[in-house]
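Survey of secondary and tertiary structure
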Amino acid sequence: MSALENFWSVYSNLVLTLGTNSLLALSIWLTLSCGMLAMANAAFMGIGAYTSAILSMNYGAPFPVAIAAGMAAPALTAFVIGKPTLRLSGVYLAMATLAFGEVVRIVVLNAESLTGGALGLNGIPQATQWWHVLLAVVAVLFALWRLRRSKVGRAFEAIKEDETAAGLMGIDVGGHKMLAFVLGAAIAGLAGVLNAHLTFFIGPNEFGFDRGVDILTMTVLGGINGLTGPVLGGVILTVLPEALRAFGDFRLVVNGVILVLIVLFLPKGIWDPARLRQWFGRKGATA
Amino acid sequence: MLEQQLVNALSLGCVYALFALGFTLIFGVLGVINLSHGAVFMVGAYAAVQIMTHFDLPLWAGLLFAFVSCGVLGLLIDFLVLKPLRARNAPHLIPMIATIGVAIILNNGVQGLFGAQNVRFPADTVSGESLNLAGIHLTALELGIILLSFVLMAVLMLALKRTQLGRALRAIAESPKAAYLLGINVEGLFYLTSFAAAALGGLAGVLIGLYSNAVFPLMGQPMLHKGIAVIILGGMGDIRGAMLGGLFLGFAEVLSVAYIGSTMRDAVAFGLLFLVLLVRPKGLFGTVQERKV
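Predicted, not measured: the structure shown is a model, and the values here were computed from it. (Residues numbered from 1 in each chain as written. Chains lettered and ligands numbered in written order. Predicted model: local features only at pLDDT ≥ 70, side-chain atom pairs only at ≥ 80, totals over all residues.)

1. Notes on the overall build of chain A
- When helices and strands are counted, chain A shows 13 helices and two strands.
- Taken over 287 residues, chain A has a buried fraction of 49%.
- Here the analysis covers contacts within chain A between residues at least 6 apart in sequence; of these, 78% occur between residues at least 24 apart. (Helix = DSSP H or I, 4+ residues; strand = E, 2+ residues; numbered from the N terminus. Buried ≥ 20, exposed ≤ 12 C-beta atoms within 10 Å, placed from the backbone. Contact = placed C-beta atoms within 7 Å.)

Below is the structure:
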């Protein structure tokens, strides 16, 4: 039992980060599943984190209130910028959302009286318990799983396959895209709230360009054709740098090599049932 | 003072354009957003610094070495990573993710080899003298950057428009399959493009490393962000657009620093990008392609 406690005291932060990163991966999966490459999730995470941290630090708000506000604020932001932004498609949408993210980062950096500027916010109450993270991941997974099987989920799928055809079939393309965007922002905000109340500190550079690209990498690496992929990708990309500590200075080089190899050999993501079946099928044939 | 600001903006804009030329070339022909371009750019600067300090060589040798070594690096990236993905018909986001991996390898490899600290070019690499035209200062390096970026843009545009090679490249940009059926050596031209784009990135690395007097492992990342903004502003894959986008960004930044304040410099760049995309979804100078059903 003490071994387990020891493990937990060393790695509890890592384990809980697995959860928040999985949430982030799921948040971008939601927009991808509707055919949109929106990359503002790091910014939404930041908005959620800052909103909740300011509420609980300056106003002593209870944790549930902080969570609710940390999800509502990014969702509202997404709703406001969604109207003009979601007209864009492909890389242009990606770039507009990335640019929006940079603007958010720089505004946070300059609003020093409220956000602490470059120094960030220190001493956020550590309200996040392990079961909060677990509950959040399970609840989001369940909600997304139900959503996929609902009429809305099928509409997302249709829009992803062919927007024009979906529109001609009477699907409200704009409305559904907005829904996916806003829900994704709320999930990213939730991850931000949990992360902020876990790590005690947040700073503007945690929510910049590189974080946005990281989140996309997790999801695409994991596989975007189901809910398993994003979670798997989030877990692998979080654990990998830790597992490679033995390589010292060059551990991130190995990390990069593994990333490239995964992409080369599993171009549809790690969670690719068809390919797994194919591999096991071949083994069966030779035996 | 306005004249001096405008000249500063011109040289900063040309710096951005120089970086964006290779970046946009690879997108135009290969259709890949190459997120390792910033890392290749950094490798170019390191290659030049190393060879110039160890062998006591002049700047032109450093530039040549950076050009060739980055070109070869670009070829390697294409051969080892992008080609297998093309062969597998990977979904369009996948090559981009692969180049993130390549960037991680290069950035951290260089950091492991040479350390995270700033390295510098030999002190007397470029003369500190500046031309003085009617009260406007312009260093030799700034002049070189401005001239080189315009010459490169002109050469690339002419090559793409007028030569057989350029016509073949444009055919590939339209449809690699159709180009292949027309007897164009598609794979060969992909290699050539990867070589040229990376070599240009290396050149830009040396010049910009000199310009900002800072060569460090992550120097390519902020440049990459700006480069993305530039090619979006200019319309993706468009050589002239890369130049115009770079100049636009340079002017926007310098003027905002002069009249608003330096803290909001990056917010102005990306805020403008955001607004431009909302008004003109394909960039300032891009052409809108309507999808026909």
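2. With respect to the overall build of chain B
- Scanning chain B from N- to C-terminus turns up eleven helices and two strands.
- Along chain B, helices (α) and strands (β) appear in the sequence α-α-α-α-β-β-α-α-α-α-α-α-α when read from the amino end.
- For 293 residues, the compact-globule estimate of 2.2 N^0.38 gives 19 Å, and the C-alpha radius of gyration of chain B, at 19 Å, lies within 12% of that figure.
- Of the contacts made within chain B by residues no fewer than 6 positions apart, 74% connect residues no fewer than 24 positions apart. (Rg over C-alpha atoms; globule rule 2.2 N^0.38 Å.)

3. Topic: the interface of chain B and chain A
- With 38 residues of chain B at the contact, the number on the chain A side is 33 residues.
- Counting only elements with at least two residues in the side of chain B that touches chain A, the list comes to helix H3 (59-87), helix H4 (93-114), helix H9 (220-234) and helix H11 (265-279) of chain B.
- Of all the elements, H4 of chain B adds the most residues to the side of chain B that touches chain A, at twelve residues.
- Its residues placed into classes, the side of chain B that touches chain A shows 27 nonpolar, seven polar and four charged. (Nonpolar A, V, L, I, M, F, W, Y, C, P; charged D, E, K, R; others polar.)

4. So, unusual backbone geometry
All names here are of chain B.
- Notably, aspartate 56 is not glycine yet its phi reads approximately 55°, a positive angle.
- Here aspartate 56 lies in the loop between helix H2 (37-55) and H3.
- Note on aspartate 56: 9 C-beta atoms within 10 Å, which makes it exposed.
- Phi is positive for asparagine 213, close to 50°, though the residue is something other than glycine.
- Classification of asparagine 213 as exposed rests on a count of 11 C-beta atoms within 10 Å.

5. What about helix H6 (residues 164-174) of chain B?
Residue and element names in this part refer to chain B.
- Turning to H6, its buried residues are Ala168, Leu169 and Ile172. Down the axis of H6, the smallest arc covering the buried residues is 100°, so these residues share one side.
- Tucked inside the fold, the buried residues of H6 contact helix H1 (2-30), helix H5 (140-162), helix H7 (176-181) and helix H8 (186-212). (Arc of directions from axis to C-beta.)

6. Considering helix H1 (residues 2-32) of chain A
- If you check H1 of chain A, its first and last C-alpha atoms are 43 Å apart, about what 31 residues at 1.5 Å a residue would give, namely 45 Å.
- Taking the largest bend as the criterion, H1 of chain A deviates by roughly 65°, centred on tyrosine 11 of chain A. (Expected span 1.5 Å × (residues − 1). Bend = angle between axes of the 7 residues up to and from the residue.)

7. Section: the confidence of the model for chain A
- Taken as a whole, chain A shows an average pLDDT of 87; of its residues, 98% reach a score of 70 or greater.
- Taken element by element, chain A is modelled with least confidence in helix H13 (residues 273-286) of chain A, mean pLDDT 67, and with most confidence in helix H9 (residues 173-199) of chain A, mean pLDDT 94. (pLDDT = per-residue confidence, 0-100.)

8. Some points on the packing of H1 of chain A against helix H11 (residues 228-243) of chain A
Residue and element names in this part refer to chain A.
- The N-to-C vectors of H1 and H11 enclose an angle of 140°; their axes lie 8 Å apart at closest approach. Here H1 lies oblique to H11, going by the angle between them. Considering the relative orientation of H1 and H11, their crossing is right-handed. Where H1 abuts H11, its residues Leu14, Thr17, Leu18, Asn21, Ser22, Leu24, Ala25, Leu26 and Trp29 lie against Pro230, Val231, Gly233, Gly234, Val235, Thr238 and Glu242.
- Tallied by class, the residues present in the contact of H1 with H11 amount to nine nonpolar, six polar and one charged. (Axes fitted to C-alpha atoms, helices over the stretch in contact; angles between N-to-C directions. Parallel < 35°, antiparallel > 145°, perpendicular 65-115°, else oblique. Left-handed = near helix turned anticlockwise from the far one by under 90°.)

9. Brief notes about the environment of phenylalanine 27 of chain B
Residue and element names in this part refer to chain B.
- Checked against the element boundaries, phenylalanine 27 lands in helix H1.
- When the C-alpha atoms of phenylalanine 27 and glycine 245 are compared, they prove to be 15 Å apart, with 218 residues separating the residues in sequence.
- Setting aside chain neighbours within four positions, we find phenylalanine 27 in contact with Val32, Ile33, Ile231, Met236 and Gly237.

10. Observations concerning the confidence of the model for chain B
Residues and elements named next belong to chain B.
- Per-residue confidence for chain B gives a mean pLDDT of 85, with 94% of residues at or over 70.
- Within chain B, the element-level pLDDT minimum falls on strand E1 (residues 130-133), averaging 69, and the maximum on H2, averaging 93.
- Confidence over residues 288-293 falls short of pLDDT 50; this stretch has four contacts with residues more than four positions distant or in other chains.
- Here the prediction assigns the complex a pTM of 0.85, and the interface score ipTM is 0.82.

11. Thoughts on the environment of asparagine 255 of chain A
- In this structure, asparagine 255 of chain A sits in helix H12 (residues 251-265).
- Under the C-beta neighbour-count criterion, asparagine 255 of chain A is labelled buried, with 20 such atoms within 10 Å.
- Residues asparagine 255 of chain A and lysine 177 of chain A, spaced 78 residues apart in sequence, show a C-alpha to C-alpha distance of 34 Å.
- In contact with asparagine 255 of chain A, not counting residues within four places along its chain, are Leu240, Pro241 and Leu244 of chain A together with Ile104 of chain B.

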